[in-house]
Amino acid sequence: MLICIAAGNEGYAVLEGEDGQIASNMDLSIGDPANLEEGIAVGSVHKENPHTYGVSFFSSRGPTADGRLKPDLVAPGERILSAAHDAPTGASKVDELYVEMSGTSQATPHVSGLLAGFLSVRREFIGYPNRVKKILLDNCTNLERDPYIQGRGMRTS
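If you're wondering where the values come from, they're calculated on a predicted model, not measured in any experiment.

Chemist: Looking at this model, I keep getting lost on the pattern of salt bridges. Mind explaining?
Modeler: Within the structure shown, the criterion is met by 8 salt bridges. For Arg68, the salt bridge identified is with Glu37, shortest N-O distance 3.1 Å. Of this pair, Arg68 sits in the loop between α1 (50–53) and β5 (73–76) while Glu37 is found in the loop between β3 (20–25) and β4 (40–45), placing the two residues 31 residues apart along the sequence. Asp72 serves as the salt-bridge partner of Lys133, at 3.9 Å between the closest nitrogen and oxygen. Here Lys133 is found in helix α4 (residues 129–138), whereas its partner Asp72 is found in the loop between α1 and β5, with 61 residues between them in sequence. A residue is classified by how much of its surface remains accessible, and Lys133, at 10% relative accessible area, is buried. For Asp72, a relative accessible area of 6% translates into the label buried. Where salt bridges share partners, they join Glu37, Asp66 and Arg68 into one cluster.

The following block contains the structure:
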């Protein structure tokens, strides 16, 4: 079984300081369950210009509390068109049926869908999650960002 886990949206916080509020990037913000070694933790990246804008400001960052590299990779997670959970009965207009959302929970389905497609074609890898994870991570595009923020890089397809 392959487990894709949203890395979390705790990568940015506004802290109260002596002189007022302080905007801060939050390292060590990868928590349970995204810090599981066996899981594939997915961070968020800008969907159209990831090389320019990089990893989403909100995407949780590593390392894990015990020093491991997480997230494992990033995928598009900003302004992703998604089904509206509160669409009215009988809705037919696009703006009633869909909504743009951002977060690592929007990025994770890109990776799980990619892996489902891979396993449907390469069935010999079913039952070998560590091999599949290695193939996935070895084929990411490096965004030239800190590996504790981008993991191994980006996967979009």
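Chemist: I would appreciate a short explanation of the side chain of Lys133 in the present structure.
Modeler: A polar contact of 3.0 Å, which involves the side chain of Lys133, links it to the backbone oxygen of Gly39. If we ignore the near neighbours within four places in the chain, the residues touching Lys133 are Glu37, Glu38, Gly39, Ile40, Lys70 and Asp72.

Chemist: Teacher, can you tell me more about the pairing of strand β2 (residues 12–17) here?
Modeler: Remember that side chains alternate between the two faces of the sheet whenever the strand is regular. With 6 bridges joining them, β2 and β3 adopt antiparallel strand pairing. By the bridge assignment for β3, Tyr12 is matched with Asn25. Hairpin remark: β2 followed by β3, antiparallel, with 2 residues in the connecting loop.

Chemist: Mind showing me how you'd approach the pairing of β4 here?
Modeler: When you tally the buried positions in β4, you get 6 out of 6 residues, the bulk of the element. Where burial is concerned, the two faces of β4 agree: the one with Ile40, Val42 and Ser44 and the one with Ala41, Gly43 and Val45 are both buried. Bridge count between strand β1 (residues 4–6) and β4: 3 bridges; the pairing is parallel. Across the sheet, the residue bridging to Cys4 is Ile40, located in β4.

Chemist: What is the right way to look at the packing of aromatic side chains in this model?
Modeler: Each pair of aromatic rings is reported with the distance of its centres and the angle of its planes. Under the defined criterion, the tally for this structure stands at 3 aromatic pairs. Relative to Phe57, the ring of Tyr12 lies with its centre 5.4 Å away and its plane at 85°, an arrangement referred to as edge-to-face. With Tyr12 in strand β2 and Phe57 in the loop between α1 and β5, this residue pair connects regions lying 45 residues apart in the sequence. Consider the rings of Phe57 and Phe58, whose centres lie 5.4 Å apart with planes at 80°: the pair is edge-to-face. Pairwise contacts between aromatic rings join Tyr12, Phe57 and Phe58 into one cluster.

Chemist: Quick question: what am I supposed to make of the nonpolar core here?
Modeler: As a rule of thumb, nonpolar side chains are buried together in soluble globular proteins. In terms of nonpolar packing, the biggest core is built from 13 residues, with Ile40, Val42, Leu73, Val111, Leu115 and Leu136 touching the most fellow members. Elements represented by at least two residues in this core include exactly β4, β5, α3 (104–121) and α4. Looking at this core, the element that brings in the most residues is α3, giving 4 residues. With residues near it in sequence (within four places) discarded, Ile40 still touches Leu2, Ile3, Cys4, Ile5, Asp72, Leu73, Val111, Leu115, Lys133 and Leu136. Val55, Val74, Leu143 and Ile149 belong to the second-largest nonpolar core, a separate cluster that totals 6 residues.

Basis of the calculations
Residues numbered from 1 in each chain as written. Predicted model: local features only at pLDDT ≥ 70, side-chain atom pairs only at ≥ 80, totals over all residues. Heavy atoms only, no water. Salt bridge = Lys/Arg side-chain N within 4 Å of Asp/Glu carboxyl O. Helix = DSSP H or I, 4+ residues; strand = E, 2+ residues; numbered from the N terminus. Buried < 20%, exposed > 50% of the residue type's maximum accessible area, 1.4 Å probe, protein only. Polar contact = N/O pair within 3.5 Å; in protein donor to acceptor, adjacent residues only side chain to side chain. Contact = heavy atoms within 4.5 Å. Pairing = 2+ DSSP bridges. Phe/Tyr/Trp six-rings, centres within 6.5 Å; stacked < 30°, edge-to-face > 60°. Core = buried A, V, L, I, M, F, W, Y, C linked by side-chain atoms within 4.5 Å.

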